[in-house]
Structures are given as C-alpha cells and as structure tokens.
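Chain by chain, the residues run as shown.
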Amino acid sequence: MWPLYRGRALAALSRACYLCFVWIAWAELANSTPPESTLPEVRDSRLRLSLFASEPDIVTPIGATVDAGDRLFVIESHTHLPEHDYDGPDSDRIKVFEDADGDGKPERISVFADGFDDAMNLAFSPQGDLYVVHRAGVSRLSDENDDGISDTRREIIWLETSQTYAHSCLLGVLVSHDGWLYVSRGNTGGHAYTLHTRAGEFLSGYGDGGHIVRCRLDGSELREVATGFWNPFALEIDAFGRLLCADNDPDARGPNRLVHIMRGGNYGFRSLYGGSGLHPYCAWNGELPDTLPLLAGTGEAPSGVLACDYAALPEDYAGDYLVTTWGAHAIERYRPKKSGTSFQGEREVVIQGGADFRPVGITADSRGTVYFTDWVKKDYPNHGQGRIWRLTCRDQHQPHHRRNKDPQPCEEEAQLNALLSCLGDASQGTLADAVRSHDPFRLSAAVTALSHSENEKIRQHWESSNEAALRLAALLGARRSGRPEPEAWRRYLSDPDPRIRMMAVMWAGETQSTKLHGELPRALEISPVTQDLVSVYLATQALLSEEFLRTYEAQIPGFRRPLPSADIAALQILRDASLPVTARRNALAMLEEINSPAAREALELCFQDSHLDLRRAVVWTWALQSPALAEEKLFAVALDATLPRALRADALAGLARQPGYSLEAARELWQEGVPLLRRGVARWLAPHAGQPEVRSALSEFLHESAGETQDHAEVMELLRFALRDPQISDSETEKTESDPQWLASLAEPGDVDEGRRVFFHPGPNCARCHRVQARGGRIGPNLSVIGSSLDRARLIRSITHPSEEIAQEFMAHTVVTLDGEVLTGLQFHFRSGNHISLMPIDGGEIRLSLDDVETYQTLDTSLMPEGLHHQMTTSDMRHLLAFLLSLK
C-alpha cells in the first residue's frame, strides 16, 4: 500500500557513511557538556542529570521509546513548520541510540527509518514492531532481517480531515501489553474527520473535541475510548493498568492537564462550540454532569508522561508520574492521592530549566534509566538544535522499578471495568449504588452502561424515580444512547432538580430540537433556577437563534440588530414577570450589552418589581456592569429615603466603586442616623480618605459617633480604619492566626448582606479577581459555591496565606521580554498566532509576540496579594466570611 521509502542497498550505504560521521562528531562532543550555568536545575539531590546526545547527532527531537534490547528510538523532526530556507532533510526520521555498556554515551547512532511528515510519537508492540504516529496516520515498521533498518511500512490507521495543523491531528500512540493500539487525536480545529483502519473499519465525527481510540494491532475492533480533549499529546499506562493522558488546554480555559482515562469517559471539551473552552456546554474539570475531572493541572504544554514505577528512581517515587512540560521548561512530578475510584495529584518540579530547555518525549529502559528529549529552542519551526538527557539515581541501592512486570489492574480500576460491563435488569442495584456514590468516575461508568439498549428498561424505570440522582443518570444514559424520548425529555424540562432541567435544555441545543424549542421556557418556571441553568438556557437559545430571533424580535422594545442572541433570550426572561425571581435575577448577570436601549428598559422594569431581591440585583448590575449609568442611578437610589434600607446600602456599596464622591450627599445620609447607612457612607468615602476634605469629614463623623449606642460600634471601627487611628493600629493592622482574640472575633456570626458589600468594595477588592454568581473578575477561582467546599478555618487560611494552595489553572505566569520587562498574570493563551497572552491582576489582556520573549515560567506564588485581611476591619472580614460560607 505504501512504497518503501528507501532502497535497501542505498539504506545500508547511507547508514555506513552516517556512522563514520557520528564517530568523529561524538569524539568532539564527549567533553562538550553544557556549562554548569546553562544546565537545568535538578531539585532532588538524589538524582543525576547528564547530557546523552546533542546536535548534530540529534536535532529537534520529539517522541522517544526503548525496544526490548534497550536501544533508544527518537523521532527527529524536520517537517515541523520549517522555514523556506531550512537546509535539513525533507522528511522526519527515526534515529536509534545504542548504549550497550550503560555508561551514558551512545556507542552507535543510526537511522532506522525516514519519509515521515509531522511525526509525533512512537511505541513498540510486544512483538517488536514499531508504531509511529504522524499527523495523518499510524504506521507499523518492521525490521525483519534485524539489520537495524526498517524493511516494511504499513499504515494501520489513517486520518481524513481538512485540518492540516499537526498539533490538532493524530498525536499520541501506545501499545498495551495485551495487544491494544491506543491513539490520541487532537480536536482537528473543529473540522470533520474520519479515522480509517487497515481492517476496513472507520470512525467519523465533527465538533466533538479530541479523543482517544483503540484497536487491535491489525486495525480491527476500532472503538472510541474517551472524548472531550483539546490536544492530547502523550499517553501512558501505569503499573496498575490505568491509562493516563497529557492534554493541552483550550484558547482561554486552563490549565493544561494530566488526566486518568476511563473507557467511555467524557473530559468536557467540544470544538463545535468554539476554541475558547468557555461555552456553557463545555467543561474542563468535571464541572458538568457526566464529565470527568482532571488528575492534576500541569505546567504549559505537557508533552510526555512516564509512570515512575518503570524507572530506577528513589523508593518514594513509586506510584508517581513524571511529566515533561515544554512551555514551563520543566520535568514535573505528580504524587497521586486516592479520590474515590480515581485519584488526584500534587505537582512538584523535579527539574527546572531556562528558556532553552524544552523537554518533550520521555521513556525508560529495562535498567530504569530515564531518557527525555529536549527541543531546546522556543521556535516552533525546525531550527537545527536538540538534546537528549539521561536521568539516573545517584545511589544505586535506592532505585525502585518494575519495568518487566505486566500492569496489574488495581481494585478501583477493576470496579470501574465491572460497572462498564453491567447489562440487564439484574444490574440495577449495582448501577444505582454507583450513581448515588457522588464519585464522578463511578457515575460515568454507570451512565456508559445505561446507554446500552440492554439497560433501556432500567432507564425508563428511573425516569419517574423519587431520587434526583437516578433521574439524572437516566437522562444522561438516554442522551449518550442517541435515542431521545420526547415524552421523557418533556418531563425532564419540568423536573424539580435544576441540574436535570439544565441537561435537558442542553440536550435540546445539542440535537437542534427546534420542534421542542417553544417548550424550553418551562425549565425556568420552577424554583430554584441556578446561574448554570440560566447560562445553558441562554446558550441554547443562541444555538437556535434564527428561530428565536424571528419569534421574539418584535416583542422586545428597543431591539436593534446585532444584539447577541443570548442577550435577546436574557431580555425575554427579564420581561416575563411570571418567571421565578431567581431566573430573572440570574439573567441580569448574563447580559452582555447592558447599555443597549432594550437592556436599559428591562432594568427599569425589573427595578419597579415588587421583589426586593430582583431590585437589589438591578442595583448591583448598575454598579458592576454599567459605568455609563452607575453614578446617576446609584445616587438616586441611595438618597431616596422611601426605598428599603438594604437597597440603599447596596447603592452606597456600588458608589464606593465609582471614581467620584459627594460630601454633601454623604452628610445628608449620615444625618439620618441609621447604622446600616452610616457604615455605607464610611465605606464609600474610605477610598478617598487621602483627600483633606474627606479626611476632615471622616474625623467629624468619628467625633459625632463617640456618644452613640453600641449599634454604632462597627461604624466607628470603619471610620477609625479609614483614618488609620494610631490607637487601634496595632490590633487592626497586625492580624495574624496566632492572635486568639482576632480568631475569636472572626468566629462570631457575620452579616451575609454586609459581606457581599465588602466583597465588591475596592478596599479588599475581592471582585477584581473572583467571580460570584456571574459577577466579578475571572483571574481567580469562581467562588459561587465556595461555601460547599471550604469551612471557616480554611477560608481564613486561604485569605491570610494565598500562596499555600493554588489551583493549577490559577497559577501565575511570568514573562521576561528581551528588553528586560517583567510581566506577571494568568495565562490567557499560549502561542495563539505566535503570541503569548496574559491577563494581569487588574484585568485586560497583555499580548506579546514570542519573538519578544526571553523566558516564560510558572510561579509558585499566587496572584492574590498577601495581606488582604489587613485591608478590612475585623468586623468586615467576619461579614465577608459569612457571605462566602453562604455560597453553596
């Protein structure tokens, strides 16, 4: 099917000439180890790192593997976006490095095969055949006469797609001990694709994100293993039979991730809904029902995974994983900790290099020696440089490895495999237990089983169950089966559980169910209506936008195209007074074009509503999303004595975020004598306390408060804090967890409403980075349900020690430009159009050309500033804790 890409006689001659050159080059290289100042830093003193090979013997290396004779096979890339004047070979080749005596120097270097375009990874089968994955297929290479040169090349898998970018096509390859060929595919840029096999089988898809498939070594029994990836570059099976994958992150949603792969698993990303990964139909860390969480977030551009049980490393590395991160210049170690039937890992950098350290493929031989390739330069195009490193243990009596032992499935993996095989009515109890367990891997396995026709009766029985968990599993199983049942779908739209309604609405959008489009509003007619439900509802209306526009365009006063279709749906919700207040309140936070005439009219309508919660949501919308309206509207609300005090206090909190102030209005409000409003005045003026006239007014207010009742104690605390009164400076600015009095004060009950005002106040400025109920910044974790995961003590700790625990997706990154400028922020995207994009702590986007970047690294410190608890009074921190703990 494929012609031999090199004649045998020519190959032998070529190899002989090449080896002569290699022997001469190696004599010069033997003593050319990079100077100490340029060596990567090995942070574990028990390990030894040495240079095994370098250019010209190896250039721009990618994947690596070892055969049964401990020969190292490496892909040498020459077709990875080469410049027009690139003078290297015109195809990728596979080089072999032989170190028979184990002294860390290859005695022989040869070319095993060439003729590849965009080769990525390679793996040996138990029979000794080499499988090479390249952009458009998987090739099997054989050396039938054992002369060190491949004799035959057969395509086992080939990919049809209009996508030509290598990193979005076929990427990873792995052969299991029991004869399965695993292959990972990138997201093909959202283009349609078909995978064909030599056995005549195929899989087709469109918009489903990247996936992992497996087949037998001859291409038969082709099946999808898991889906929902961005660009899954590397695969590994550990000593317990668990399949792992290193996946790179989407355009605007991180982190890069190491994931535990389960058969039938959905890992959340779908390219049909754009490349950002932020669409409500997408997940990245198990945020949606029936999607699976990551094992750990990794540094930028993870490219290789090695189970440490296959390496001769210190005993405490047993069960751990090493991951190469090209963009973070690091070898990272992950220590798994059990989490249900899966596990999660803690990241530790074992080797840290500089800008010219770009590790990619990683493998180990039968002696446990670790080898990894190094692309060296930041340049994507082939550049003529490269290295191979060798990692060993200094103490030869310490190493632990089990290279020659076949993987033995652990108990948890066996449980998941058993669940996947549950078929028939007799399995109902086992599946129900899995669904009730709150373990996402057990739920996913149960849903996979429920999707089979043999379990259709179980699904139908569970549709009317009193348990929401069983009803949700029935919906997810039917959704997976591809056989929607309209009557059941209609029941799901009116289910008491908002998660079930959300998934029913999503199902309608996924299947473009325009016939049922008119019934979607039913999902919002029952309380509670969550922010996630509203978000999915608006996204679904946007997907069905043309019909939606035709139906509702004339009903929305002030509507002018082009208004986002999701906004049109949100405005329709806002105008429908028959819907629950929670639905209308959540829709407010989702508006994008807040200053459009239609939006202004809807806001005014909602502010006149009788429900205080809805009116307060309007005030916060003005304060946080509408600078053009904020001061005018907030002044009017704050000064209107006929309005509820809580509403006026919210308006004052919103005014504190605006650039101006009015001492006349502040004095008018102060004279009302209401502690709630006086606290609002103090917080409003506090950011301007540096102005002499404001300082004078605050001092005046403090003097007047001296004779007031205990109700004004917090007012005085706020005024003193704004003035930084020396009498309380020690107790109010030196708060630590070693101070029992301070901790006792924080243990007292706080006010949730006051805590919300503190959260959005520019003093602590929590909302600059964190989002709550669709409002606030995106540079820090979303705190909308933080109260369900952290208790009071851990919340205090996270405020006082923000760098102690940092989720990987919120790790700070620092860029040093060629001009010496140091920039720090959250990674927004890496290599989008040959650029790096960072989101700094004050928002916005910094976009830099890679040509202007000297180094790019992940920091171990949080973007959240230290000492934020010093930016508020003890009472305000107590209120803030009450607010955060209420978010569940």
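Coordinates for the structure precede this section.
Let me sum up the structure you'll find in this document.

Criteria and thresholds
Numbers given for residues are sequential positions, taken from 1 along each chain in its written order. Local features are withheld for residues below a pLDDT of 70 in this predicted model, meaning they are given only at 70 or higher, and side-chain atom pairs are given and counted only at 80 or more; totals for whole chains, interfaces and linings count all residues. Side-chain measures were taken over the full set of non-hydrogen atoms in the model, leaving aside hydrogen atoms and water. Under the DSSP-based scheme used, a helix requires at least four consecutive residues in state H or I and a strand at least two consecutive residues in state E, with every element numbered from the N terminus. Under the scheme applied here, a residue whose accessible area is under 20% of the maximum for its type counts as buried, over 50% as exposed, and between as partly exposed, the area being computed with a 1.4 Å probe on protein chains only. The contact rule is simple, with two residues in contact once any of their heavy atoms fall within 4.5 Å. Method for areas: the Shrake-Rupley scheme with a 1.4 Å probe, in which residue coverage is limited to the protein chains shown. To get an axis, fit a line to the C-alpha atoms, keeping to the stretch in contact for a helix; angles then go from 0 to 180 degrees between the N-to-C directions. Convention used here: angles under 35 degrees read as roughly parallel, angles over 145 as roughly antiparallel, angles from 65 to 115 as roughly perpendicular, and any remaining angle as oblique. Crossing chirality is assigned from the near helix's rotation relative to the far helix, an anticlockwise turn below a right angle marking it left-handed and a clockwise turn marking it right-handed. As a working rule, the residues Ala, Val, Leu, Ile, Met, Phe, Trp, Tyr, Cys and Pro are called nonpolar, Asp, Glu, Lys and Arg charged, and the rest polar, with Gly in that last group. DSSP-based pairing: two strands are paired if at least 2 bridges between them are found. To be clear, the arc concerns the directions from the helix axis to the C-beta atoms.

### A closer look at the overall build of the protein chain
- Secondary structure summary: the protein chain contains 25 helices and 35 strands in total.
- Of all 888 residues assigned to the protein chain, the portion counted as buried reaches 58%.
- A separation of at least 24 residues holds for 63% of the contacts in the protein chain among residues at least 6 apart in sequence.
- Looking at the protein chain as shown, the accessible area adds up to about 35400 Å², and 49% of this sits on carbon and sulfur atoms.

### Some words on the packing of helix H18 (residues 675-685) against helix H19 (residues 692-705)
- Direction vectors running N to C along H18 and H19 enclose 155 degrees, while the axes themselves pass 11 Å from each other. Taken together, the axes of H18 and H19 are roughly antiparallel relative to one another. When the axes of H18 and H19 are compared, the crossing they make is left-handed. On H19, the residues that touch Arg678, Val681 and Leu685 of H18 are Val694, Leu698, Phe701 and Ser705.
- Of the residues belonging to the contact of H18 with H19, the class tally is five nonpolar, one polar and one charged.

### Some thoughts on the sheet that holds strand E20 (residues 265-266)
- Spatial strand order, E11-E12-E15-E16-E20: five strands in an open sheet with mixed pairing. The two strands at the open ends of the sheet, each matched to only one other strand, are strand E11 (170-175) and E20.
- Direction of pairing for strand E16 (residues 223-229) relative to E20: parallel, over a ladder of two bridges. Paired with threonine 227 across the two strands is asparagine 266, which belongs to E20.

### Observations concerning the environment of leucine 723
- Summarising the element assignment, leucine 723 is placed in helix H20 (residues 713-723).
- By relative accessible area, which is 11% here, leucine 723 ends up buried.
- Counting along the chain gives 21 residues from leucine 723 to leucine 702, while the straight-line C-alpha distance between them is 9.5 Å.
- Those residues in contact with leucine 723 that lie beyond four places of it in its chain are Arg695, Leu698, Ser699 and Leu702.

### Some details on the sheet that holds strand E19 (residues 256-261)
- Pairing within the open sheet is antiparallel, and its four strands lie in the order E17-E18-E19-E21. Unpaired on one side and paired on the other, strand E17 (231-237) and strand E21 (296-298) mark the two borders of the sheet. Along the sheet, successive strands turn relative to each other by an average axial angle of 30 degrees, direction set aside.
- When E17 meets strand E18 (residues 243-248), the two strands line up antiparallel, connected through six bridges. In the strand pairing of E18, isoleucine 237 is matched with leucine 243.

### A short note on H18
- Burial within H18 is extensive, with 11 of its 11 residues counted as buried.
- Among the residues making up H18, those that are buried are Pro675, Leu676, Leu677, Arg678, Arg679, Gly680, Val681, Ala682, Arg683, Trp684 and Leu685.

### Some details on unusual backbone geometry
- Of note, the amide linkage connecting glutamate 55 to proline 56 takes the cis form, showing an omega dihedral of 10 degrees.
- The topology assignment puts proline 56 in the loop between strand E2 (47-54) and strand E3 (61-66).
- One non-glycine residue with positive phi stands out, namely histidine 329, at about 55 degrees.
- Relative to the helices and strands, histidine 329 is located in the loop between strand E23 (321-325) and strand E24 (330-339).
- For asparagine 765, which is not glycine, the phi dihedral falls at a positive 55 degrees.

### A closer look at the pairing of strand E7 (residues 119-124)
- Burial within E7 is extensive, with six of its six residues counted as buried.
- As paired elements, E7 and strand E8 (residues 130-134) share five bridges and run antiparallel to each other. Bridge pairing in E8 links leucine 122 to valine 132.
- Linking E7 to E8, which pair antiparallel, is a turn of five residues; within it glycine 128 sits at a positive phi near 95 degrees.

### Re helix H17 (residues 663-670)
- All of the buried residues along H17 are Leu663, Ala665, Ala666, Leu669 and Trp670. Axial view of H17: buried residues confined to an arc of 160 degrees, hence all on one face.
- Taken together, the buried residues of H17 touch helix H15 (627-639), helix H16 (645-655), H18, H19 and H20.

### Quick word on the packing of helix H24 (residues 792-800) against helix H25 (residues 874-885)
- It is the contact of H24 with H25, at a shortest axis distance of 11 Å, that shows an interaxial angle of 120 degrees. Judged on the interaxial angle alone, H25 and H24 are oblique. By crossing handedness, the relation of H24 to H25 is classed as right-handed. On H25, the residues touching Arg792, Leu795, Ile796 and Ile799 of H24 are Met877, Leu880, Leu881, Leu884 and Leu885.

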